[in-house]
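One-letter residues, chain by chain:
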Amino acid sequence: PLEHLLTGQEDYFENQRITFVAGNQADYINKLVEAGPNLFAFKRHSIHGLSVSGSSVLANDITTNLGLAGPEAVAVQGNDVWFFDEHEGLHVISGGGQPVRVFDPIYPLLDCGRITRPWLVAVGVDGDQVFVSCCLDNDEAGFNNVTFVLNTKLSATTRGGAWSRWDVGFSSFCRWQP
């Protein structure tokens, strides 16, 4: 429904624009994310949904307790949006529902480390695997040096899936399928 208002040069009119005023205005937008028919405005400390009613764009607050750590901390697969909040970790929004936390089992993998640069976190998704690349406090260079991988296929045996750790970091993820 938003494609007539937001995409394509042929849809642009000089006096047509979207004014987005939902949430705290000091909380800046990190990224706009489209997932199926939904458009999400991820701010640093809140998440808002955008929808169309006739020719109007409506904004609603999804949550004011979570946000997006940085512009690469989100990935979309179908109608699922995986995102990383700097204080609460990895969450998923399925369809237009509420965020569900899936980060709890990862804490033992951090080896008492902590994520020192949350704005660098990168999230990617490919099939049944979700990748969270981050910078732990033992890294002086200031780039992502560890990647945690969530295998969602194993969600029947553990809450949300099973985590593994790779000692390599990524600054962003791209899914390319020729």
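This is a predicted model, so every value here is computed, not measured. (Residues numbered from 1 in each chain as written. Predicted model: local features only at pLDDT ≥ 70, side-chain atom pairs only at ≥ 80, totals over all residues. Heavy atoms only, no water.)

J.: Looking at this model, I keep getting lost on the overall build of the protein chain. Mind explaining?
T.: Secondary structure assignment for the protein chain yields one helix and 12 strands. A separation threshold of at least 6 residues defines the contact pool for the protein chain, and within that pool the share at least 24 residues apart is 39%. (Helix = DSSP H or I, 4+ residues; strand = E, 2+ residues; numbered from the N terminus. Contact = heavy atoms within 4.5 Å.)

J.: Teacher, can you tell me more about the pattern of salt bridges here?
T.: As a working rule, side chains carrying opposite charge can pair if their charged atoms are close by. Going through the model one piece at a time under the given rule, you end up with four salt bridges. A salt bridge links R44 to E86, with the shortest nitrogen-to-oxygen separation between them at 2.9 Å. Placement of the pair is R44 in the loop between β2 (38-43) and β3 (47-53) and E86 in the loop between β6 (80-85) and β7 (89-94), with a sequence separation of 42 residues. Residue classification places R44 among the partly exposed positions, given a relative accessible area of 23%. When the shortest N-O distance is used, the salt bridge between R101 and E88 registers 2.6 Å. Taken together, the residues span a long stretch of sequence, with R101 in strand β8 (residues 100-101) and E88 in the loop between β6 and β7 at a distance of 13 residues. In this structure R101 comes out as partly exposed when scored by relative accessible area, which is 21%. (Salt bridge = Lys/Arg side-chain N within 4 Å of Asp/Glu carboxyl O. Buried < 20%, exposed > 50% of the residue type's maximum accessible area, 1.4 Å probe, protein only.)

J.: Can you help me understand the sheet that holds strand β9 (residues 122-126) in this one?
T.: In a beta sheet, neighbouring strands pair by backbone hydrogen bonds and run either parallel or antiparallel. Strand order in this open sheet of four strands is β9-β10-β11-β12, and the pairing throughout is antiparallel. Both outer strands of the open sheet, β9 and β12 (162-166), are each paired with one neighbouring strand and no more. Each strand axis lies, on average, 20° off the axis of its neighbour in the sheet, ignoring direction. Strand direction decides the pairing type here: strand β11 (residues 146-151) and β12, joined by five bridges, are antiparallel. (Pairing = 2+ DSSP bridges. Axes fitted to C-alpha atoms, helices over the stretch in contact; angles between N-to-C directions.)

J.: Got a minute to help me understand the side chain of T63 in this structure?
T.: Checked against the element boundaries, T63 lands in strand β4 (residues 56-63). The exposure class assigned to T63 is buried, which follows from its relative accessible area of 12%. Within the structure, T63 has its side chain in polar contact with the backbone nitrogen of N65 (distance 3.0 Å). Those residues within four positions of T63 in sequence are excluded, and the remaining contacts are S46, I47 and P99. (Polar contact = N/O pair within 3.5 Å; in protein donor to acceptor, adjacent residues only side chain to side chain.)

J.: Looking at this structure, I do not really get the environment of D27. What am I missing?
T.: One can find D27 in the loop between α1 (3-6) and β1 (29-35). Considering only alpha carbons, one finds D27 and H45, 18 residues apart in sequence, at a separation of 6.4 Å. What D27 contacts, discounting residues up to four positions off in sequence, is K43, R44, H45 and S46.

J.: Looking at this structure, how should I read the nonpolar core?
T.: With 32 residues, the main nonpolar core has F42, W82, F84, L90 and V123 as its most contacted residues. At the level of elements, β1, β2, β5 (74-77), β6, β7, β9, β10 (129-134) and β11 are the ones that each hand at least two residues to this core. Dropping the residues within four chain positions of it, L90 is found in contact with W82, F83, F84, V100, R101, V102, F103, V123, V130, V132, L150 and W163. (Core = buried A, V, L, I, M, F, W, Y, C linked by side-chain atoms within 4.5 Å.)

J.: What should I look at first to understand the packing of aromatic side chains in this one?
T.: In this description, a pair of aromatic rings is defined by centroid distance and the angle of the planes. Counted according to the given criterion, the structure contains five aromatic pairs. Aromatic side chains F170 and F173 sit 5.3 Å apart centroid to centroid with 45° between the ring planes, which places their arrangement in the tilted category. Judged by relative accessible area, F170 falls into the partly exposed class, the value being 30%. The rings of F131, W166, F170 and F173 are connected pair by pair, giving a single aromatic cluster. (Phe/Tyr/Trp six-rings, centres within 6.5 Å; stacked < 30°, edge-to-face > 60°.)

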